[in-house]
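# A look at the structure
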Amino acid sequence: MFATIRNAWKIADLRKKIIFTFFILLIFRLGAAIPVPYVNVDMLTQYFNAELSGTILGLYNAMSGSAFSQATTFALGIQPYINASIIIQLLCIAIPYLERLSKDGGEEGKKKLERITRYTTLGLALLMGWAYYMMLKNNSGILTETGFLYGLVIVMTFTGGACLVMWLGEQIDQFGIGNGISMILFAGIISRIPSQVGALITGLSTGTLKWYIALLLLVGVAVLVVVIVFITNSERRIPVQYAKRMVGRKMYGGQSTFLPIKVNMSGVLPVIFAQSIVSLPATIVAFVGISDTGFWGWMNKYVFSNESVVYCVIYFLLIIAFSYFYAAVQFNPIEIANNMKKNGGFIPGFRPGKPTSDFIAKVIGKITLFGAIYLAFVALVPVALGAIVNNNQLAIGGTSVIIVVGVALETTKALEAQMLMRHYKGFLE
């Protein structure tokens, strides 16, 4: 990765794009450090660490670079845009109009979908900003001023910050090195590394954290990175043979190629969705402020808690279910088989048409199962380690590592592709 960046820096055009990307990320980090008015940040941080760090809001906080727990201008981060993009992608399957825009609309259809996604982002940002304000309002002492106008200022600040972050990501896509949304997520997550390292050193110096526990954590992170890199680059290649055909006086086809199927084709989305659902009860309990006694207090402690066996089992099953769902959304074996048949392609040993689609569906099913188990392993190992060392913030560590490593690999491939377009061969040396 570092060699690719060094070689890309030697090209003037790519150097400008890299500098522009770093400038946008600097603006993002500055906005993530400016708190909204009328909020007691110290009390909010204490409340968040005590009540919400193990909920889905803890994942939002990690992705925003701790801006969420400090009620800064960019507290909502890129989450409204990510949720809006996922919603629009799913609606493209259910609504024929959106499906036509995505498949047959061309460049104009793409622009319309982007416009719809922006409006959806604005609506979700307003909703999330209002929910955040209600959480602050329901906990006395966090808001320094109350009233309609003060609440309006807070909600609109959150909403404006989310829209600005969306715009920053689009600027990276247009004028930077690409992967703007992923780069902003990457910057938010790695910005927490110094504080995490500082907390680790403090724990070792004060004796609250044993040296072998710290060593176990470091080794676990290293193993996770190796596993994630290996699985991210792994793919199942189905051989495809194209028959020769005459077009005029020229002979076309006859070559052998392959159909690549990623082992982890859905990325980190199943983990994010599964954690959102399984953490929803604990998040509602934290918002409402239910006491630790009684039935709901018992449920919150032994069922909703990320240290319970029930939580882990439900989490595991949801990751498997969402992995299969996204595989079904992304791959249509019948459509793939029909496209191969139209172009004179076939899989050796299988007849074109239904036998080919059945074989592709069988392969996708096996690969999806392996990828889902891998995601569940990466997501649940930090949960187990968090329960051992009594640190529930480790429960979101696996998700963060997947995002960071995935974005690093995608950025490296994007830079190599841009250097290849410029006939630069230094990165292959």
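Residues numbered from 1 in each chain as written. Predicted model: local features only at pLDDT ≥ 70, side-chain atom pairs only at ≥ 80, totals over all residues. Heavy atoms only, no water.

Let me state the cut-off plainly: UniProt positions are given in the numbering used here, feature names are shortened, and annotations may be inferred rather than shown by experiment.
The name given to the protein in an unreviewed UniProt entry is Protein translocase subunit SecY, with Candidatus Avoscillospira stercoripullorum as the source organism. Check the Subunit (unreviewed entry) section of the UniProt entry for the protein; it says "Component of the Sec protein translocase complex. Heterotrimer consisting of SecY, SecE and SecG subunits. The heterotrimers can form oligomers, although 1 heterotrimer is thought to be able to translocate proteins. Interacts with the ribosome. Interacts with SecDF, and other proteins may be involved. Interacts with SecA." The Sequence similarities (unreviewed entry) field of the UniProt record for the protein holds the comment "Belongs to the SecY/SEC61-alpha family."

### Topic: empty space enclosed by the protein
What counts here: Grid points spaced at 1 Å over the protein atoms alone were grouped into cavities, where a 1.4 Å probe fits but cannot get out, and pockets, open sets with protein on both sides within 12 Å along at least five of seven lines, with lining residues defined by an atom within 4 Å of a point. Grid points are joined across faces, edges and corners, and a volume is the space filled by probe spheres set on the points. Secondary structure elements are defined from DSSP: runs of H or I of at least 4 residues count as helices, runs of E of at least 2 residues count as strands, and each element is numbered from the N terminus. Throughout, the ten residues Ala, Val, Leu, Ile, Met, Phe, Trp, Tyr, Cys and Pro are labelled nonpolar, Asp, Glu, Lys and Arg are labelled charged, and all others, Gly among them, are labelled polar.
This structure, assessed with the given rule, holds one cavity of 30 Å³ or more. Space inside the largest cavity adds up to approximately 50 Å³. If you trace the largest cavity, you find it lined by Val263, Asn264, Met265, Ser266, Ser323, Ala327, Thr368, Gly371, Ala372 and Leu375. Looking at the lining of the largest cavity, the elements with two or more residues in it are helix H15 (309-330) and helix H17 (354-389). With four residues, H17 is the largest single contributor of residues to the lining of the largest cavity. In terms of residue class, the lining of the largest cavity is made up of five nonpolar, five polar and no charged.

### Considering the environment of Ala214
Here is the rule: Buried means the residue's accessible area, taken with a 1.4 Å probe over protein chains only, is under 20% of the maximum for its type, while exposed means over 50%, and partly exposed covers the values in between. Residues count as neighbours in contact if any of their non-hydrogen atoms are within 4.5 Å of one another.
Residue position: Ala214 is located in helix H11 (residues 211-233). Overall, Ala214 belongs to the buried group, its relative accessible area being 4%. The spacing of Ala214 and Ile201 is 13 residues in sequence and 9.2 Å in space, taken between C-alpha atoms. Discounting chain neighbours no more than four positions away, the residues touching Ala214 are Leu200, Leu204 and Leu209.

### Concerning a nonpolar patch on the surface
Inclusion rule: Like-charged residues are merged into a patch within 9 Å and nonpolar side chains (Val, Leu, Ile, Met, Phe, Trp, Tyr) within 5 Å, provided each residue has over 30% relative accessible area and no salt bridge. Reported accessibility uses the Shrake-Rupley method at a 1.4 Å probe radius. Residues are deemed covered only where the shown protein chains occlude them. Whenever Lys or Arg places a side-chain nitrogen within 4 Å of a carboxyl oxygen from Asp or Glu, that contact is recorded as a salt bridge.
On the surface, a nonpolar cluster with roughly 620 Å² of combined accessible area is contributed by Val309, Val313, Phe316, Leu317, Tyr324, Leu369 and Ile373. At the level of secondary structure, the elements contributing two or more residues to the nonpolar patch comprise H15 and H17. Ranked by residues supplied to the nonpolar patch, first place goes to H15 with five residues. Inspection of the secondary structure assignment puts Val313 in helix H15. The exposure class of Val313 is partly exposed, given its relative accessible area of 45%.

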